[in-house]
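One-letter residues, chain by chain:
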Amino acid sequence: MLFLVGVVPLAIAGSLFLRRAETTALEAVRAGNARVAARVAAHLTAHLDGELDVLRTLAAPLAAAVALAPEQVARILRNYRLAFPHLRSLDLVGRDCYEVATSRLGGELRSRCGEPAVQSALAGNVFRGPAALGEDFAPLMTVGLPLEIAGEQVGAVVAVLDLVGIWPMVNSIRVGG
């Protein structure tokens, strides 16, 4: 009887303490993973914002007041692709959703009506498509953003970004470390 009075309460208390310790450990791991996810999301957002800032700089040289010929605009787009190798494609779309210029070889202009990136950008919103693997298995993302000069929208730029530049940041992630 004395055994039951001393051992049973200790066994029950030990069992409760073990369950609580397990719950506390799981909560700590979840909180740590949430912090890592938030930090990664912030880094990815900063990376993409930097890419979009590069594209926004196209507005000044492509302004109507500059009065460039279509071939000059296409040359500017091609030069951007050379200067920024993470740009897989770069197209300037007018307010009528037809390409004004493209960085593609051949330079055939086409209608972009109905494409989500174009519709969103021409509506004044930034479009960030889902990340997808390209034919060479590089992560790619289509983005579209409105081009504005002095508050007036002059068109939209649509680009396919190569996201290989995020790999060093992704490789630096250590969960639970």
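The rules behind each value
- Just so you know, the residues in each chain are numbered from 1, in the order the chain's sequence is written.
- Reporting in this predicted model follows two pLDDT cut-offs: at least 70 for local features of residues, and 80 or more for side-chain atom pairs to be given and counted; totals over whole chains, interfaces and linings ignore these cut-offs and use all residues.
- Water and hydrogen atoms play no part in the side-chain values, which are based on all heavy atoms of the structure.
- Note on conventions: DSSP H or I runs of at least 4 residues are helices, E runs of at least 2 residues are strands, and numbering of each starts at the N terminus.
- Exposure is judged per residue with a 1.4 Å probe applied to protein chains only, and the accessible area is read against the type maximum: over 50% gives exposed, under 20% gives buried, and values in between give partly exposed.
- Contacts between residues were defined by any pair of non-hydrogen atoms, one from each residue, lying within 4.5 Å.
- Using a 1.4 Å probe, the Shrake-Rupley method yields the accessible areas, and only the shown protein chains count as cover for residues.
- Among the buried residues, those of types Ala, Val, Leu, Ile, Met, Phe, Trp, Tyr and Cys that are joined through side-chain atoms within 4.5 Å form a nonpolar core.
- The rule for a salt bridge is simple: a side-chain nitrogen of Lys or Arg has to be within 4 Å of a carboxyl oxygen of Asp or Glu.

1. Description of the overall build of the protein
From N to C terminus, the protein includes four helices and six strands. Element order for the protein, N to C, with α for helix and β for strand: α-α-β-β-α-β-β-β-β-α. Looking at the 177 residues of the protein, the share that counts as buried comes to 33%. Partitioning the intrachain contacts of the protein with sequence separation of at least 6 by distance along the chain shows that 48% fall at a separation of at least 24. Approximately 10900 Å² of the protein is accessible, and the part contributed by carbon and sulfur atoms is 64%.

2. Topic: the nonpolar core
Formed by 25 residues in total, the largest nonpolar core has its most connected members in Leu 55, Leu 58, Leu 62 and Leu 90. Elements that contribute at least two residues to this core include exactly α1 (2-56), α2 (70-83), β1 (87-93), β5 (139-149) and β6 (152-162). When sequence neighbours within four positions are dropped, the list of residues in contact with Leu 55 reads Leu 87, Leu 90, Val 143, Leu 145, Leu 147, Val 157 and Ala 159. Core analysis: the second largest hydrophobic core is formed by five residues, Cys 97, Ala 117, Val 118 and Val 158 among them.

3. Focus: the side chain of Arg 112
For Arg 112, the position within the fold is in the loop between β2 (99-102) and α3 (116-122). Discounting residues that sit within four places of it in the chain, Arg 112 has contacts with Asp 91, Val 93, Cys 97, Glu 99, Arg 104, Val 118 and Val 158.

4. Quick notes on unusual backbone geometry
The phi dihedral of Cys 97 is positive, around 65°, even though this residue is not glycine. With respect to the helices, strands and loops of the structure, Cys 97 is situated in the loop between β1 and β2. Non-glycine residue Phe 137 carries a positive phi angle of around 65°. By relative accessible area, which is 67% here, Phe 137 ends up exposed.

5. Re the pattern of salt bridges
Tallied over the entire structure, the rule returns 12 salt bridges. Note that Arg 110 is salt-bridged to Glu 99, the shortest N-O span being 3.8 Å. Remark: Glu 99 occurs in strand β2 and Arg 110 occurs in the loop between β2 and α3; sequence separation between them is 11 residues. Taking relative accessible area as the criterion, Arg 110 reaches 41% and is therefore assigned partly exposed.

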